[in-house]
Amino acid sequence: MRVSLELKDLAKYPFLKESQQFIGASADTLDRFLSSASGRIAVRHAMERIRISLRMVERDRDEDRIPSDSIDVKLSISGYVLARIIISCAADRALMERLVRYEAQRAFSFLLDEEDKKKVYVASSVGLDIGEPSLSVVQYVEIVAGLHEERWRLVNRDVGEGRVSVSPAEMNELLREQIRVILFRQLPLRVPEKVCSILKPQVEEIRAAYQKTILEQFGTVEEECFPPCIQALAKALTGGTNIPHSGRFALTAFLHNIGMGAAQIIELYCRAPDFDLSKTQYQVEHISGRSGTEYTAPSCAAMRTYGLCVHSDSICEKVNHPLNYYRAKKRREGKKEPTSPSD
Ligand code: SF4
């Protein structure tokens, strides 16, 4: 399908091949570019993109002034590319996940206002045919792998002749998810050592900013503020009781979400009777985002379904998520106040 893309479209959808061709990026010239005046501006653009992605909040469209002149469009696309390079140098899946989530949301919010032809073109560039009322089971399963709402589960879908029916509104949601999946699949980029060492100050700044974001959201880890369900799981584990997979998932995701490092979480699991270091390491890293999807702890409704909601108290009556319980209890106890709820 032929679609005429304007210059500003290249900035809106920097992952398109046309956008990449427009800046003509190449690894050979990257270190030279980084030391040029344009390179320094592009690095600033890249850092801004990453900082926004770390805020983990819904993107405000006003944050993006879409450039329309050739030089600014080039800098904007270069910023997109450099953000991916910086994150690849940082080699942290959680950072990659945050960046692609932001990029997918950013592109998607522009797509919502596009004429159908352009939207179909961008969707097809990430391998999704949004003109169809259904997707093949294989593609559907691949796209929804990171979506945890019940409605996406195959058992809750209308499936026939190897295809899953999808409404136009759902197709939009799947388009955003597909952009995220495709962008994530390309990471980490293979970045020459030399380039990573030039970008070392930026990588360190981003690592520190991420750590700060987590700490600002939840403050330091206060075990006494854990909700009763999580306390019960931790107690069962440290007491040497085997807990089922759903319980391990809930506990690990919760601890990861409040900022506990993988090493600390694994330490907790050491006390389980069936402790297996490599298996635990794999599971913890998987849930913490190494697999490409950073999981969020289950909501109270899901915890009830799994039979994990126990000893609920008066704070439980006011919350719908164990993470919100944790924030509320910390507030009540006068601990560090969280800044922006993410769930
Ligand atoms: S209501 Fe929610 S926070 Fe409270 S125990 Fe149940 S699952 Fe945990």
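Shown above is the structure to which this text applies.
For clarity, every value in this text was computed on a predicted model and none was experimentally measured.

Peer 1: Lay out the site of the ligand with the relevant residues and their values.
Peer 2: As a structural note, the neighbourhood of the ligand is formed by P227, C229, C300, M303, C309, V310, C316 and P322. Considering only residue class, the shell around the ligand consists of eight nonpolar, no polar and no charged.

Peer 1: Provide a residue-level description of the packing of aromatic side chains, including the pertinent values.
Peer 2: Under the criterion given, the structure shown has five aromatic pairs. Arranged with centres 5.3 Å apart and planes meeting at 80°, the rings of F226 and F254 form a pair that is edge-to-face. With F226 in the loop between α11 (200–218) and α12 (228–238) and F254 in helix α13 (residues 245–257), the pair connects residues that are 28 residues apart, well separated along the chain. Its relative accessible area of 0% is what places F254 among the buried residues. Among the aromatic side chains, those forming a connected cluster through ring pairs are F226, F254 and Y326. We note K74 situated over the ring of F22; from NZ or CZ to the ring centre the distance is 5.2 Å.

Peer 1: Residue-level account of the side chain of R157, with values.
Peer 2: With respect to the element layout, R157 can be found in the loop between α8 (137–144) and β2 (159–160). Take R157: its relative accessible area is 13%, and that puts it in the buried class. For R157, the side chain forms a polar contact with the side chain of Y140, separated by 3.4 Å. Only 2.8 Å separates the side chain of R157 from the side chain of E170, close enough to count as a polar contact. In this structure R157 touches Y140, R151, W152, V164, S165, V166 and E170, once residues within four positions along its chain are discounted.

Peer 1: Describe the environment of A263, listing the residues and the values that go with them.
Peer 2: Summarising the element assignment, A263 is placed in helix α14 (residues 262–269). Residue class for A263 comes out exposed when judged on its relative accessible area of 60%. Along the backbone, A263 and E285 are 22 residues apart, and their C-alpha atoms lie at a distance of 9.7 Å.

Peer 1: So what about the sheet that holds strand β3 (residues 163–165)? Which residues, and what values?
Peer 2: Sheet strands pair by backbone hydrogen bonding; their relative direction is either parallel or antiparallel. Here three strands make up an open sheet; going across it, the order is β1-β3-β2 and the pairing antiparallel. The sheet is open, and its two borders are formed by β1 (134–136) and β2, each paired with just one other strand. As paired elements, β2 and β3 share two bridges and run antiparallel to each other. Bridging across to β3, V159 finds its partner in V164. Strands in contact with α8 are β1, β2 and β3; relative to β1, the strand with the most contacts, it is inclined by about 95°.

Peer 1: Please provide a residue-by-residue account of the nonpolar core, values included.
Peer 2: Membership of the largest hydrophobic core comes to 64 residues, with the highest contact counts inside it found for F15, I85 and I179. For this core, the leading source of residues is helix α5 (residues 70–90), giving 12 residues. Once residues within four sequence positions are removed from consideration, I179 is found in contact with F15, A104, A107, L111 and V126. Grouped together as the second largest cluster of nonpolar side chains are 28 residues, I243, L255, A272 and V284 included.

Peer 1: For the pattern of salt bridges, give the residues involved together with the corresponding values.
Peer 2: Overall, the coordinates contain 17 salt bridges when judged by the stated rule. Linking R51 and E48 is a salt bridge whose minimum nitrogen-to-oxygen distance equals 3.4 Å. Linking R51 with E48, this pair stays in helix α4 (residues 37–54), spanning three residues, or about one helical turn. Three or more residues are tied together by salt bridges with common partners; here these are E6, K8, D9, K12, E114 and K118.

Peer 1: Give me the lowdown on α12, citing residues and values where you can.
Peer 2: If you check which residues of α12 are buried, you get P228, C229, I230, L233, A234 and L237. Considering only its buried residues, α12 is in contact with α13, α14, α16 (300–305) and α17 (322–332). G240 occupies a position one or two residues after α12 and carries a positive phi of about 90°.

About the cut-offs
- Along each chain, the written sequence defines residue order, and numbers are assigned to residues from 1.
- This being a predicted model, a pLDDT of at least 70 is required before a residue's local features are given, and a value of 80 or more before pairs of side-chain atoms are given or counted; all residues contribute to the totals for chains, interfaces and linings.
- Side-chain numbers come from the whole structure's heavy atoms, not from hydrogens or water.
- Residues are classed as near a molecule or strand on a simple rule: at least one heavy atom within 4 Å of it.
- Ten residue types, Ala, Val, Leu, Ile, Met, Phe, Trp, Tyr, Cys and Pro, are classed as nonpolar, four, Asp, Glu, Lys and Arg, as charged, and the remainder, Gly among them, as polar.
- Working definition: rings of Phe, Tyr and Trp (its six-membered ring) pair if their centres are within 6.5 Å, and the pair is stacked with planes under 30 degrees apart, edge-to-face with planes over 60 apart, and tilted otherwise.
- A run of H or I in DSSP becomes a helix once it reaches four residues, and a run of E becomes a strand once it reaches two; helices and strands are each numbered from the N terminus.
- The buried label applies to any residue whose accessible area, calculated with a 1.4 Å probe on protein chains only, is under 20% of its type's maximum; exposed applies above 50%, and partly exposed to all values in between.
- Here, a charge over a ring is recorded when the distance from Lys NZ or Arg CZ to the ring centre is within 6 Å and its angle to the ring normal is within 35 degrees.
- We define a polar contact as two N or O atoms separated by no more than 3.5 Å, with the added condition that, inside protein, one atom must be a possible hydrogen donor and the other a possible acceptor, whereas residues neighbouring each other in sequence contribute only through side-chain atom pairs.
- The contact criterion used throughout is that any non-hydrogen atoms of two residues lie within 4.5 Å.
- Pairing between strands requires that DSSP locate at least two bridges from one strand to the other.
- Angles shown run from 0 to 180 degrees and are taken between the N-to-C directions of axes, each axis being a line fitted to C-alpha atoms and, for helices, limited to the stretch in contact.
- Residues belong to one nonpolar core when they are buried, are Ala, Val, Leu, Ile, Met, Phe, Trp, Tyr or Cys, and are joined through side-chain atoms within 4.5 Å.
- One side-chain nitrogen of Lys or Arg within 4 Å of one carboxyl oxygen of Asp or Glu is enough to make a salt bridge.

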